[in-house]
Amino acid sequence: MTAAAAPNAPGGSKGSGPDLHHRVTDALLGYGVLYLIAIPFVLWLAARYELSSWPMWFATTVALLISVPHYGATYLRVYEKRHDRRRYAVFAIWITLALIACFVASLYSARLGSAFLTIYIYWSPWHFAGQNFGVAMMSLRRKEVPVDPVGRRLLYGAFLLGYFLSVLALSRLGSSYQAVVGTGDGRVYEFYRLGIPEGVATTLLWILAPAYFLVIVGAIGRLSKGGYLRATVPTITLLITHSFWYALPAVLTEQIPLLYAGVWVSAIHSLQYLWITSYYAKQTDGARIPTFILKCLLVGSAINVLPALLFAPGMLGPLAPLALQAGVVSFSILNIHHFILDGAVWKLRDGRVARALLGTNGDESTTDDAPQGRSWVRPALYVIGTLALLMPLYVTIEVARAASSQSREIVEAASERLAFFGNDHADVYFVLGQHRAIEDDYPGAENAYRKALDIEPSHYGVTYRLAGLLLRDSDGRDEALELAQRAAQQSKYSDPASMLVLGRANLATGNVDSAKSAIQIAVKLAVQQGDNELMRIGNNLLSVLKR
């Protein structure tokens, strides 16, 4: 959500009093208090559990319940009414069709898809800064704070410099900073960093960071001049919290990655967006907020799922060489589309927007009283959105069924069904690999384990089992040692099974001393954990080594 140049009109009647939406907004100080309170908790969480990224279940839940509806809110704003579709036809139709063509083309060109991924990542912090600037201006105008051109430029400059700092953090040579969701791992679509040399980046940081601080102080001083300090508290808090999003990570050189993980910033941004858009829907259409949020969830789910689903292996996937990565490029282009639409429709100088969000007499009247005919598009989106919401439940059921099954055929069928919809799951291939290994189908087991690692490279159980499987072939011993070392590190050298595999891998590659040390640790751990079978195997190996 962005805000274009807004006239310094008073924001609403003093006598009318704020409604519930704005009383809550003021109480939260632009949502910043919650964010500031959460920071110590997140730091404790990262230290306590040694996390470097958010767990998959948390990221999925946040995306489903918060981030996905915020996309739906934009699409409802642009496409739900005939007047808006006509008014924003260039964005709603022609630019949309162009981006759809780009999405399809990116499934045939990794470079093109990487370009869109890069555009999304560099544009994303600017989009967030623009929304925060718009919310700050909205708050100031509603509280009747006079904003002269100098004050407005200082406020805008603060968010602009914060964006430059985030670009610097993203662009440093060798940086691993991930400010937004979708940075990618470089396997197919890559994020093209600018690669600013370390010396140049440090110099720029010493210039931008003080300038950022001075502009923030100047903006606060200018806006609060004349006894308006209390009225500007929400805007001040917004400036502070925005610095926690992007400016501080640049200054701290990525030392606290969990705090600034894309999912965390996206959740805060999306909550703020839904808060404003739901109020707008209530003011303009009398919409009930729970109903509006549900519609946003269904439409957002449909738009998020449909592009990747169309190119799932069981559908159009075989026609596109990069279809297995369709989700990455569709998410990038979806966000670019969202940024474009968002910048077009949310402007405080727009009469309708100003009346709804500020309570003012807008510059123009834009109503659409013409009756609207029935359309199949909206019900279809709701149905697709409902199915998209049920997909995680379906995947969970399939995975649980496969994990508890004693039949290879059942597990194999589950893996094929999930693959048809492009929802392959590492745990299912893990179980399938175990079944095939038990049946002495070692090539089949290796294939299943490798598919599991392609989906989830950090899957511990798969890593050490594949290492043990590769030890059967002399050609696979070096890779087996590498996997065994990785598995031992993942378990922090506390699992007897992985330590036993590490010992065997070292023994197979001629590292006798390392093998003996690993096996001794495995035996000790097996004794502590009461695993008699592993203890017996380890002692047998040690006996062989003594000969």
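Residues numbered from 1 in each chain as written. Predicted model: local features only at pLDDT ≥ 70, side-chain atom pairs only at ≥ 80, totals over all residues. Heavy atoms only, no water.

Caption draft 1: Structural detail: the overall build of the chain. When helices and strands are counted, the chain shows 22 helices and zero strands. Taking all 547 residues of the chain together, the buried fraction comes to 46%. Sequence-distant contacts, at least 24 apart, represent 73% of the contacts inside the chain between residues at least 6 apart. As displayed, the chain offers around 26,200 Å² of accessible surface, 63% of which is attributable to carbon and sulfur atoms. (Helix = DSSP H or I, 4+ residues; strand = E, 2+ residues; numbered from the N terminus. Buried < 20%, exposed > 50% of the residue type's maximum accessible area, 1.4 Å probe, protein only. Contact = heavy atoms within 4.5 Å. Areas by Shrake-Rupley, 256 points an atom, 1.4 Å probe, with all protein chains shown as cover.)

Caption draft 2: Structural detail: helix H17 (residues 442-455). Between the first and last C-alpha of H17 there are 20 Å, a value that for 14 residues agrees with the 20 Å anticipated at 1.5 Å per step. Of all the residues in H17, the buried ones are Gly444, Ala445, Ala448, Tyr449, Ala452 and Leu453. Between a side-chain oxygen at the N-terminus of H17 and the backbone nitrogen of Gly444 the separation is 3.1 Å; the capping residue is Asp441. (Expected span 1.5 Å × (residues − 1). Polar contact = N/O pair within 3.5 Å; in protein donor to acceptor, adjacent residues only side chain to side chain.)

Caption draft 3: Structural context of the packing of helix H18 (residues 460-470) against helix H19 (residues 477-490). Two elements in contact, H18 and H19, have axes separated by 8 Å at closest approach and are oriented at 150 degrees. Relative to H19, the element H18 is oriented roughly antiparallel. In the crossing of H18 with H19, the sense of the turn from one axis to the other is left-handed. Contact residues: H18 offers Tyr460, Thr463, Tyr464, Leu466, Ala467 and Leu470, while H19 offers Arg477, Glu479, Ala480, Leu483, Ala484, Arg486, Ala487 and Gln490. Residue composition of the contact of H18 with H19, by class: nine nonpolar, two polar and three charged. (Axes fitted to C-alpha atoms, helices over the stretch in contact; angles between N-to-C directions. Parallel < 35°, antiparallel > 145°, perpendicular 65-115°, else oblique. Left-handed = near helix turned anticlockwise from the far one by under 90°. Nonpolar A, V, L, I, M, F, W, Y, C, P; charged D, E, K, R; others polar.)

Caption draft 4: Structural view of unusual backbone geometry. In the Ramachandran plot, Asp440 falls in the positive-phi region, its phi being about 65 degrees despite a non-glycine side chain. Backbone geometry at Tyr493 places phi at a positive 55 degrees, although glycine is not the residue there. Locating Tyr493 in the fold gives a position in the loop between H19 and helix H20 (496-508). Owing to a relative accessible area of 42%, Tyr493 belongs among the partly exposed residues under this scheme.

Caption draft 5: Quick peek at the nonpolar core. Membership of the largest hydrophobic core comes to 47 residues, with the highest contact counts inside it found for Tyr449, Met499 and Leu502. Residues contacting Leu502, with those up to four places away along its chain left out, are Leu481, Ala484, Gln485, Ala488 and Ala518. With 25 residues, the next largest nonpolar core counts Val145, Ala158, Leu168 and Leu205 among its residues. (Core = buried A, V, L, I, M, F, W, Y, C linked by side-chain atoms within 4.5 Å.)

Caption draft 6: Inspection of the packing of helix H15 (residues 408-420) against helix H16 (residues 426-438) at higher detail. At a minimum axis separation of 9 Å, H15 and H16 run at an interaxial angle of 150 degrees. With respect to H16, the axis of H15 lies roughly antiparallel. With respect to the hand of their crossing, H15 and H16 are arranged in left-handed fashion. Counting all contacts with H15, which are made through Arg408, Val411, Glu412, Ser415, Leu418 and Ala419, the residues of H16 involved are Val428, Tyr429, Val431, Leu432, His435 and Arg436.

Caption draft 7: Seen up close, the environment of Met391. Along the chain, Met391 falls in helix H14 (residues 377-404). For the pair Met391 and Val305, spaced 86 residues apart in sequence, the C-alpha to C-alpha distance is 9.7 Å. In contact with Met391, not counting residues within four places along its chain, are Phe421 and Asn423.

Caption draft 8: Structural view of H19. With 14 residues, H19 ought to run about 20 Å at 1.5 Å a step, and its terminal C-alpha atoms sit 20 Å apart, in line with that. Within H19, burial applies to Ala480, Leu481, Leu483, Ala484, Ala487 and Ala488. Following H19 by one or two positions, Lys492 has its phi on the positive side, about 55 degrees.

Caption draft 9: Structural context of the environment of Ile119. Tracing the sequence through the fold places Ile119 in helix H6 (residues 110-142). Taking the C-alpha atoms as reference, Ile119 lies 9.8 Å from Asn335; in sequence the two are 216 residues apart.

Caption draft 10: Structural detail: the pattern of salt bridges. Inspection of the entire model under this criterion finds 12 salt bridges. Residue Arg408 pairs with Glu412 through a salt bridge whose shortest N-O separation is 2.7 Å. Residue Arg408 and its partner Glu412 are located together in helix H15, separated by four residues, close to a single helical turn. (Salt bridge = Lys/Arg side-chain N within 4 Å of Asp/Glu carboxyl O.)

Caption draft 11: The arrangement of the packing of aromatic side chains in detail. In this structure the tally under the stated criterion is 15 aromatic pairs. Between Tyr120 and Phe331 the ring centres are 5.7 Å apart and the planes differ by 85 degrees, which places this aromatic pair in the edge-to-face class. With Tyr120 in helix H6 and Phe331 in helix H12 (residues 326-345), this pair connects stretches of sequence that are 211 residues apart. Given the relative accessible area of 2%, Tyr120 is considered buried. (Phe/Tyr/Trp six-rings, centres within 6.5 Å; stacked < 30°, edge-to-face > 60°.)

Caption draft 12: Quick look at the confidence of the model for the chain. Mean pLDDT over the chain works out to 80, with 77% of the residues at or above the 70 mark. Contacts for the low-pLDDT stretch residues 27-31, under 50 throughout, to residues beyond four places or in other chains number 14 contacts. Confidence over residues 361-371 falls short of pLDDT 50; this stretch has 20 contacts with residues more than four positions distant or in other chains. (pLDDT = per-residue confidence, 0-100.)

Caption draft 13: Seen up close, the side chain of His435. Considering the arrangement of structural elements, one finds His435 in helix H16. Setting aside chain neighbours within four positions, we find His435 in contact with Ser405, Gln406, Ser407, Arg408 and Val411.

Caption draft 14: Main features of the side chain of Ser301. As for its placement among the helices and strands, Ser301 is situated in helix H11 (residues 289-310). Since its relative accessible area comes to 3%, Ser301 is described here as buried. Setting aside residues no more than four positions away along its own chain, Ser301 makes contact with Val68, Gly385, Ala388 and Leu389.

Caption draft 15: Up close: a nonpolar patch on the surface. Residues Val90, Ile93, Trp94, Leu97, Ile100, Val104, Tyr108, Leu310, Met315, Leu316, Leu319 and Phe420 make up a contiguous nonpolar surface patch of roughly 1,100 Å² in combined accessible area. Here the nonpolar patch gets six residues from one element, more than from any other, and that element is helix H5 (residues 89-106). Structurally, Val90 can be placed in helix H5. (Patch = residues over 30% accessible without salt bridge, like charges linked within 9 Å, V, L, I, M, F, W, Y side chains within 5 Å.)

Caption draft 16: Spatial organisation of the environment of Gln325. Summarising the element assignment, Gln325 is placed in the loop between H11 and H12. Since its relative accessible area comes to 25%, Gln325 is described here as partly exposed. The spatial distance from the C-alpha of Gln325 to the C-alpha of Phe311 is 9.3 Å, given a sequence separation of 14 residues. When residues no more than four places from it in sequence are discounted, the contact partners of Gln325 are Val188 and Tyr189.

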